[in-house]
Amino acid sequence: MRGTDKRSGELFSFVDLERRVRGDHPLRAIRLVVSDGLDALSSEFAALYSGMGRPSIAPEMLLRAMLLQAFYSVRSERQLMERLEFDLLFRWFVGLGVDEPVWDHSTFSKNRDRLRDGDIAARFLSAILAQPRVRRLLSNDHFSVDGTLIEAWASMKSFRPRDEQDRSEGGDGDDGGRNPTVDFRAEKRSNATHASTTDPDAMLYRKGSGMEAKLCFIGHGLMENRSGLLVDARLTRVSGHAERLAALEMIEPHATRPRGITLGADRGYDAADFVEELRTLNVRPHVAQNVSRRRSAIDRRTTRHAGYAASLRVRKRIEEAFGWIKTVAGLRRTKLRGLQKVDWSFTFAAAAYNLIRLPKLLGATA
């Protein structure tokens, strides 16, 4: 029988958000983990707020809303507030009632900036991993490291000489406007002589020979090899040694055990000084050999073990994390400016990636 296309016209409706969300929805398991992690950060939140004045948006609600923005690829705060206005699932996850008003997008952004002033993203990532049900999923012996480029929110037209940022010759055209024509022919540009007027922290870098140079940052991740979860993440300025220096900083806290641990990496980390530093820390360097017109720093004392081949196979899973962060979470090109803000955003996206994977991992463990 065909139904009728008529509105009910009821004046009252009693909606229980808890019953609207099905019992096996992945966000239910994620919300439990997130709530436990936020409870552990209560003292850190209290230190960021004054005891006087009007109540602000609860930091727990802010972080839950930002997680939804990463999970569902919501590209702006305006769209996020619109989804919160009509989406019951979003309201349930954030903690808003059906009749509660949604915040203005500018109010949301201003309150969110307070969290960025503190090191909340890294602590939130640690609070998630510190939970007993999550900690038993992690490996304490085997890790992988890698880096990825994050494009800066700055165009090449903003990359101007340091000593004459306001020059008009040899660059801007005479067409005027907000986006003038720029001729870069025969102009040599480098980080030593030029800087971006839009984001001074962004630097020019190319991923490989023959590839386009872009204004960007480098995001670094440390993954444990058992479940493929990110246990550390950070973002730095670009340089030829940035990936290796960040890898040493991230693996050092895990190398305090008397038994040696392993660290897998691609051939970009095959440098004699880096390999020697790892061995000094009692870390076995399971680094892919780079033998193109050079001698590898990895010799037979490392490659003869079966664990070496296993580490090289598993380490590629860290690319899945970077792929999710740059596509789903929207960090292929950041919308923020400044090293501190982009670092906060990258670390928070790493925590969101772990949360996306936890429902299946926890279900398999149960």
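Up top is the structure these notes are about.
These figures come from a predicted structure and were not determined experimentally.

1. Description of the overall build of the protein chain
Moving on, step 1. Across its full length, the protein chain carries 15 helices and eight strands.
Moving on, step 2. Across its three principal directions, the C-alpha atoms of the protein chain cover 75 × 65 × 55 Å.
Moving on, step 3. Across the 366 residues that make up the protein chain, the buried fraction comes to 46%.
Moving on, step 4. For the protein chain, the computed accessible surface area is about 20600 Å², with 48% contributed by carbon and sulfur atoms.
Moving on, step 5. Between the averaged position of the 60 positive side-chain charges in the protein chain and that of its 48 negative side-chain charges there is a distance of 6 Å.

2. Here's the deal with the packing of aromatic side chains
Moving on, step 1. One pass over the structure, following the stated rule, counts nine aromatic pairs.
Moving on, step 2. With a centroid separation of 5.9 Å and an interplanar angle of 20 degrees, the aromatic rings of Phe-124 and Phe-348 are classed as stacked. With a gap of 224 residues between them, Phe-124 in helix α8 (residues 120–129) and Phe-348 in helix α15 (residues 339–365) connect regions that are remote in the sequence. Each member of the pair, Phe-124 as well as Phe-348, is classed as buried.
Moving on, step 3. An angle of 55 degrees between the planes, with centres 6.0 Å apart, marks the rings of Trp-324 and Tyr-353 as tilted. One end of the pair, Trp-324, is in helix α14 (residues 318–327); the other, Tyr-353, is in helix α15, with 29 residues separating them in the sequence.
Moving on, step 4. Taking the relative accessible area as the measure of exposure, Tyr-353 reaches 5% and is therefore buried.
Moving on, step 5. A cation over a ring is seen here: Arg-83 above Tyr-72, with NZ or CZ 5.9 Å from the ring centre.

3. Some words on α8
Moving on, step 1. A large share of α8 lies buried, amounting to seven of its 10 residues.
Moving on, step 2. All of the buried residues in α8 are Ile-120, Ala-121, Phe-124, Leu-125, Ala-127, Ile-128 and Leu-129.

4. Brief notes about the nonpolar core
Moving on, step 1. Membership of the largest hydrophobic core comes to 101 residues, with the highest contact counts inside it found for Phe-71, Phe-124, Leu-355 and Leu-358.
Moving on, step 2. If you tally residues by element for this core, the top one is α15, at 14 residues.

Parameters at a glance
Residues numbered from 1 in each chain as written. Predicted model: local features only at pLDDT ≥ 70, side-chain atom pairs only at ≥ 80, totals over all residues. Heavy atoms only, no water. Helix = DSSP H or I, 4+ residues; strand = E, 2+ residues; numbered from the N terminus. Buried < 20%, exposed > 50% of the residue type's maximum accessible area, 1.4 Å probe, protein only. Areas by Shrake-Rupley, 256 points an atom, 1.4 Å probe, with all protein chains shown as cover. Lys, Arg positive; Asp, Glu negative; His and termini not counted. Charge placed at Lys NZ, Arg CZ, Asp CG, Glu CD. Phe/Tyr/Trp six-rings, centres within 6.5 Å; stacked < 30°, edge-to-face > 60°. Lys NZ or Arg CZ within 6 Å of the ring centre and 35° of its normal. Core = buried A, V, L, I, M, F, W, Y, C linked by side-chain atoms within 4.5 Å.

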